[in-house]
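Below are the chains, spelled out letter by letter.
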Amino acid sequence: MSAEFELCPGRKIGGSNPCFIIAEIGQNHQGDLEIAKKMIRMAKDCGADCAKFQKSEIEHRFTKLALERLYTSPHAWGPTYGAHKHHLEFSHQQYRELQQFANEVGIFFTASGMDEMAVEFLHEINVPFFKVASADTNNIPYLEKTAKKGRPMVISSGMQSMETMRCVYQTIKQHNPNFTFLQCTSAYPLPIEHVNLSLIPEFQKEFPDIPIGYSGHEAGIHVSVAAVALGAKVLERHVTLDKSWKGSDHAASLEPAELAELVKAIRTVEMAMGSPVKQMLPCEASCHSKLGKSVVARKPLKKGETLTLDMLTVKVAEPHGMRPENIFKLVGKKITVDLEEDATITDAMIKG
């Protein structure tokens, strides 16, 4: 079983702890603070553990030419990519306001630090953990600086190879023991055939001492529920108030009813995982009493007879007697009482 650690105050992940569910608001707030607050409350109401945003210090994340590039996408919020990104970016004060709102609502609050200066700000406002977006997973200088801050880290693996993830593991492990990898494929929305849930057990084998999770961008909830059944200890899904809104992430996001159903399904699956010990359970007693079979006499038996297999058979009997799997152990033993045909054979009737 993977190691467990405290991801947020009072909330551990890994081991036998419940899956930690992150509602990724990202930039689906449309640059509107009130919409962002509605989404935080929605995440809480639907049962998610954490509301997560994406924080950039835009001039540190992008080059000047990248920001000046004309942006003609139907999802654009401005004529250039820089204008588009600035429209969607909240100020430091707005982030503090959102954090305070999340505290009041009663849900954990964090963000992906999309560049090193954004990580510095998130560290300053004391987020419980850092989320590393797939685009920065192979950004080794960024990972080292982030890991050294000592906060737990949740690291997506989109666009990376297992060889790169081994390098990431070694890099972070030197500085910080508390991190988790999320299986992720960076496509929005994600075609089902490229989800690759089979990588979850592969990650578990490759990195047995850290929890493994899943960040999904597929439509619907079924794949994410399956990821938890495979052992995902953290689940991240994008959320929206309306899939038809402008923005490329909305189509790969869950609306409130879907998020609520996902949380419910995950908690149901976790309960259903139960125990790895196979034994008859108390809830099976009624069925066993009615349908459980026992060894009985195939024909009348005389006291002192040595039992052979053709003297015995298995039936639903009253009262219950020896279990059918023990029938071969009776061969060669002596019966200590007279029995009629169909009579139940019990331990007390067998000599030796």
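Note: the structure precedes this text.
Residue numbering note: each chain is counted from 1, following its sequence as written. Reporting of local features is limited, given that this is a predicted model, to residues whose pLDDT is at least 70; pairs of side-chain atoms are given and counted only at 80 or more, and all residues count toward the totals for whole chains, interfaces and linings. The side-chain figures draw on all heavy atoms in the structure; neither hydrogens nor water molecules are used.

Where do I start with helix H7 (residues 140-147) in this structure?
An α-helix turns once every 3.6 residues. As a result, residues three or four positions apart point the same way. Here's how the labels work: a residue is buried when its accessible area is under 20% of the maximum for its type, exposed when over 50%, partly exposed in between, all with a 1.4 Å probe on protein chains only. The helix and strand labels rest on DSSP assignments: H or I over at least four residues marks a helix, E over at least two residues marks a strand, and numbering proceeds from the N terminus. Those residues of H7 that sit buried are Tyr142, Leu143, Thr146 and Ala147. In a view along the axis of H7, the buried residues occupy a sector of 125 degrees, so they form one face of it. Contacts are assigned to residue pairs that have any heavy atoms within 4.5 Å of one another. In this fold, the buried residues of H7 make contact with strand E5 (108-113), helix H6 (116-124), strand E6 (130-132), strand E7 (153-156) and helix H8 (162-173). What the arc covers is the set of directions going from the helix axis to the C-beta atoms.

For this particular structure, what's the right way to read a nonpolar patch on the surface?
Together, Leu309, Phe328 and Val331 give the surface a local cluster of nonpolar side chains, amounting to about 290 Å² of exposed area. Secondary-structure assignment places Val331 in the loop between helix H13 (327-330) and strand E13 (334-335). Patch rule: a residue counts if its relative accessible area is over 30% and it has no salt bridge; like charges are joined within 9 Å, and nonpolar side chains (Val, Leu, Ile, Met, Phe, Trp, Tyr) within 5 Å. To be clear on the numbers: accessible area is Shrake-Rupley with a 1.4 Å probe, and residue cover counts the displayed protein chains and nothing else. When a carboxyl oxygen of Asp or Glu lies within 4 Å of a side-chain nitrogen of Lys or Arg, that pair is called a salt bridge.

I would appreciate a short explanation of the nonpolar core in the present structure.
Generally speaking, soluble globular proteins have nonpolar side chains that are buried together. What makes a nonpolar core is a set of buried Ala, Val, Leu, Ile, Met, Phe, Trp, Tyr and Cys residues whose side-chain atoms join them at distances within 4.5 Å. Ranked by internal contacts, the top residues of the largest apolar core, which has 66 residues, are Ile40, Phe53, Met153, Phe181 and Tyr214. What Met153 contacts, discounting residues up to four positions off in sequence, is Phe130, Val132, Leu143, Thr146, Ala147, Ile172, Asn176, Asn178, Phe179 and Thr180. Listed in part, the 15 residues of the second largest apolar core include Leu307, Leu312, Met322 and Ala343.

I would appreciate a short explanation of the layout of surface pockets in the present structure.
A cavity here means a set of 1 Å grid points, computed over protein atoms only, where a 1.4 Å probe fits but cannot escape. A pocket is an open set with protein on both sides within 12 Å along at least 5 of 7 lines, and lining residues have an atom within 4 Å of a point. Grid points are joined across faces, edges and corners, and a volume is the space filled by probe spheres set on the points. Volume-wise, the largest pocket comes out at about 690 Å³. Considering the residues around the largest pocket, the lining is formed by 36 residues, among which Gln54, Arg61, Met114, Tyr188 and Asp249 are closest to the centre. When residues of the lining of the largest pocket are assigned to their parent elements, the largest contribution, four residues, is made by helix H4 (residues 81-88). Put simply, Ala, Val, Leu, Ile, Met, Phe, Trp, Tyr, Cys and Pro go in the nonpolar bin, Asp, Glu, Lys and Arg in the charged bin, and everything else, Gly too, in the polar bin. Looking at the lining of the largest pocket, its residues break down into eleven nonpolar, 17 polar and eight charged.

Before we go on, may I ask you to explain the packing of aromatic side chains in this structure?
Geometrically, a pair of aromatic rings is defined through the distance of the ring centres and the angle of the planes. The aromatic pairing rule takes the rings of Phe, Tyr and Trp, using the six-membered ring of Trp, and pairs them if the centres are within 6.5 Å, calling planes under 30 degrees apart stacked, those over 60 edge-to-face and the rest tilted. If you walk through the whole model with that rule in mind, you get 15 aromatic pairs. Judged by centre distance (6.3 Å) and plane angle (70 degrees), the rings of Tyr95 and Phe109 are edge-to-face. On the criterion of sequence distance, the pair formed by Tyr95 in helix H5 (residues 92-105) and Phe109 in strand E5 is long-range, its members being 14 residues apart. Residue classification places Tyr95 among the buried positions, given a relative accessible area of 1%. A connected cluster of aromatic rings, assembled from ring pairs, spans Phe53, Phe90, Tyr95, Phe109 and Phe121. Only when the NZ atom of a Lys or the CZ atom of an Arg is both within 6 Å of the ring centre and within 35 degrees of the ring normal do we say a charge sits over the ring. Against the face of Tyr81 rests Arg69, its NZ or CZ located 4.7 Å from the ring centre. Over the face of the ring belonging to Trp77 we find Lys246, whose NZ or CZ atom lies 4.0 Å from the ring centre.

Is there a simple way to think about the side chain of Ser112 in this case?
Within the secondary structure layout, Ser112 lies in strand E5. In this structure Ser112 comes out as buried when scored by relative accessible area, which is 2%.

Just checking my understanding: could you explain the pairing of strand E1 (residues 5-8) for this structure?
DSSP-based pairing: two strands are paired if at least 2 bridges between them are found. Relative to strand E2 (residues 11-13), E1 runs antiparallel, the two being bridged by three bridges. Within E2, the position partnered with Phe5 by the bridge is Ile13.

I keep staring at the state of the cysteines and nothing clicks. Help me out?
Covalent bonding between the sulfur atoms of two cysteines defines a disulfide. Pairs of cysteine sulfur atoms within 2.5 Å are what we label disulfides. One pass over the full model with this rule turns up zero disulfides. You can see Cys19 has no disulfide; the closest cysteine sulfur is in Cys50, sitting 12 Å from it. Residue classification places Cys19 among the buried residues on the basis of a relative accessible area of 2%. Cysteine Cys184 remains unbridged, with the sulfur of Cys19 as its closest cysteine sulfur at 15 Å. By relative accessible area, Cys184 is classed as buried at 6%.

Mind showing me how you'd approach the pairing of strand E3 (residues 20-26) here?
Each regular strand carries side chains that alternate between the two faces of the sheet. Most of E3 is tucked away: seven of the seven residues are buried. By the alternation rule, side chains of E3 split into Phe20, Ile22, Glu24 and Gly26 and Ile21, Ala23 and Ile25, which are all buried. Looking at chain direction, E3 and strand E10 (residues 234-238) are connected through five bridges and run parallel. Each residue of the ladder has a partner; that of Ile21, found in E10, is Leu235. As paired strands, E3 and strand E4 (residues 50-55) are joined by four bridges and run parallel to one another. Note on E4: the bridge partner recorded for Gly26 is Phe53.

Looking at this structure, how should I read the packing of H7 against H8?
Packed helix pairs are specified by the crossing angle of their axes together with the interaxial distance, meaning the distance between the axes. Where H7 meets H8, the axes come as close as 9 Å, and the angle between the chain directions of the two elements is 35 degrees. As H7 packs across H8, the resulting crossing turns out to be right-handed. Seen from H7, the contacting residues are Ile140, Leu143, Glu144 and Ala147; seen from H8, they are Cys167, Val168, Thr171 and Ile172. Considered class by class, the residues forming the contact of H7 with H8 number six nonpolar, one polar and one charged. A fitted line through C-alpha atoms serves as each axis, taken over the contacting stretch for helices, and the angle formed by two N-to-C directions is quoted from 0 to 180°. Helix crossings fall into two classes, left-handed where the near helix is turned counterclockwise from the far one by less than a right angle and right-handed where it is turned clockwise.

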